[in-house]
Amino acid sequence: MNDLYLMPALQREVKGALQLAVPLAAAQVAQGATSFADTIMMGLLGRQELAAGGLASNTFAMMLITTTGVISAVSPLVAESFGAGQGDRITRITQQALWLAALLSLPIMLVLWHVGGAMQYLGQEPANAALANQYLHAILWGVVPALGFAALRMVAAALSQPRPVMIIMLGGTGINVVGNYVLMFGKLGLPALGLAGIGWASALSYWVMFLALVGYILWQPQLRQYRIFHRCYQFSRFSRSLFGELLTVGLPIGALYAVETGLFTVTAYLMGQLGTDTLAAHQMVLQTAAITFMVTVGISYATTVRVGQYRGQDDLDGAQLAGYVGIGLGALFMSAMALLFMLFPRAVVSLYLDVNNPENRRVIAIAIELLQVAGLFQLFDGTQTIAAGALRGLKDTRMPMLIGIFAYWCVGLTSGYLMGMRLGLGGVGLWLGLALGLAIASIILTWRFHRLISAQLRLQPSETTL
């Protein structure tokens, strides 16, 4: 790209990226706020409910995020088709993505129904396992709408329509919070369901969000033109080629999400072996980190869309700039969050537990230590997520999956286990392992995007060639 035009192009790309990333990030924060609100309200039930509920919510999140990763293949495919002006292909991709969401829901629901009973065989206290089972048996009824909503919101974002997704997810968060209060404590004449009530409230919010987005797509002219739900005969048709393309792109993404979330889930189970106090502290810190992480997830989705749309237009200079801008925005935001974690850890912990209650003293001390380490890996976590998003825009998903397996499990989990469980560093050691794994992933994924897009630019015919 000519240096003379670099600065105006950079300004335009930052503006365009923010216009897409801000509502998508807000939508992701709203989704994260649901888990954040759940965690805070679990703390109102007690220390043990916070530990057990955190374990259950981590297990549910791992299943949901993994399957959402598979479905997220719809984003680069629709973005590329949108950039190329292929409207009919957008319709057919979306319909096949909804079928994929429905098919993935069934095994996930079966696993969630049985996994709670197996927790005590994985080193968890029986009382914690029983409480976790109550939560999982309730929230599993929200899997179908959660995956359907995931498919439709990615389509809306790829078509540069992120604002309704943000509004709907904010409304879903409000419904979840109110539902938590009513069902946890038995208000409005309903029975007090405790931890299970939080699960039922989350399931209800997923259904409301899914139906609201379906309604918006049927009403909004720009989205209605694709007639996703109007052609019943076409909707029921199975397209082997498009379904296969979704799986080809999506399965490696799902695997990458699985190894990343699996790293945090296994870490949570190891924390449980260190005791209820350590597990509760871990849940507080992880949930706090998840909120800031959701902003970079939104930026990564925006980066995937921007890179994919430029690729559909055969504008590789634009795709390169879009990837670099996305990574830069994420690094800047996460640097600020790292400072917040390190400078004000006690204020963060006070959101979850009464810091003046002597019974919570040990949990608070552990959580403050973990927050210092969490601040360390914030930068790496955001960078690797957005770099992977930029690679998805190029439909490069298989190699990031292999990079994730190496960085998260071979480096992150192994080093965390050695430091935490063998060298006696406890929860801090496990979190240091997480930071190291994410650091390796961020470096390699960023380097791969730079290498791939640079290679494609070298192969692109020069505009001055006759």
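Residues numbered from 1 in each chain as written. Predicted model: local features only at pLDDT ≥ 70, side-chain atom pairs only at ≥ 80, totals over all residues. Heavy atoms only, no water.

Chemist: For the pattern of salt bridges, give the residues involved together with the corresponding values.
Modeler: Summed over the entire model, instances satisfying the criterion amount to eight salt bridges. For Arg-306, the salt bridge identified is with Glu-13, shortest N-O distance 2.9 Å. Of this pair, Arg-306 sits in helix α12 (residues 276-312) while Glu-13 sits in helix α1 (residues 3-45), placing them 293 residues apart in sequence. Assigned by exposure class, Arg-306 and Glu-13 land together as buried. Arg-92 is the salt-bridge partner of Asp-88, the closest N and O atoms lying 3.1 Å from each other. Taken together, the positions of Asp-88 and Arg-92, both in helix α4 (residues 87-118) and four residues apart, correspond to about one turn of that helix. (Salt bridge = Lys/Arg side-chain N within 4 Å of Asp/Glu carboxyl O. Helix = DSSP H or I, 4+ residues; strand = E, 2+ residues; numbered from the N terminus. Buried < 20%, exposed > 50% of the residue type's maximum accessible area, 1.4 Å probe, protein only.)

Chemist: Got a sec to walk through the side chain of Asn-360? Specific residues and values, please.
Modeler: Inspection of the secondary structure assignment puts Asn-360 in the loop between α14 (345-349) and α15 (361-393). Relative accessible area serves as the criterion here: at 10%, Asn-360 is assigned to the buried category. Sequence-distant contacts of Asn-360, defined by excluding residues within four places in its chain, comprise Leu-353 and Asp-354. (Contact = heavy atoms within 4.5 Å.)

Chemist: Talk me through unusual backbone geometry; I want residue IDs and the actual numbers.
Modeler: Look at Leu-188: it is not a glycine, yet its phi comes out positive at around 55°. Position of Leu-188 relative to the elements: it lies in the loop between α7 (163-185) and α8 (195-219). In this structure, Lys-395 takes a positive phi of about 60° despite not being glycine. Among the structural elements, Lys-395 can be located in the loop between α15 and α16 (398-422).

Chemist: Break down a nonpolar patch on the surface for me, with residues and values.
Modeler: Among the surface-exposed residues, Leu-339, Leu-340, Met-342, Leu-343, Phe-344 and Leu-376 lie close enough to one another that they form a single nonpolar patch of about 570 Å² accessible area. Counting residues per element, the nonpolar patch draws most heavily on helix α13 (residues 316-343), at four residues. Within the secondary structure, Phe-344 sits in the loop between α13 and α14. (Patch = residues over 30% accessible without salt bridge, like charges linked within 9 Å, V, L, I, M, F, W, Y side chains within 5 Å. Areas by Shrake-Rupley, 256 points an atom, 1.4 Å probe, with all protein chains shown as cover.)

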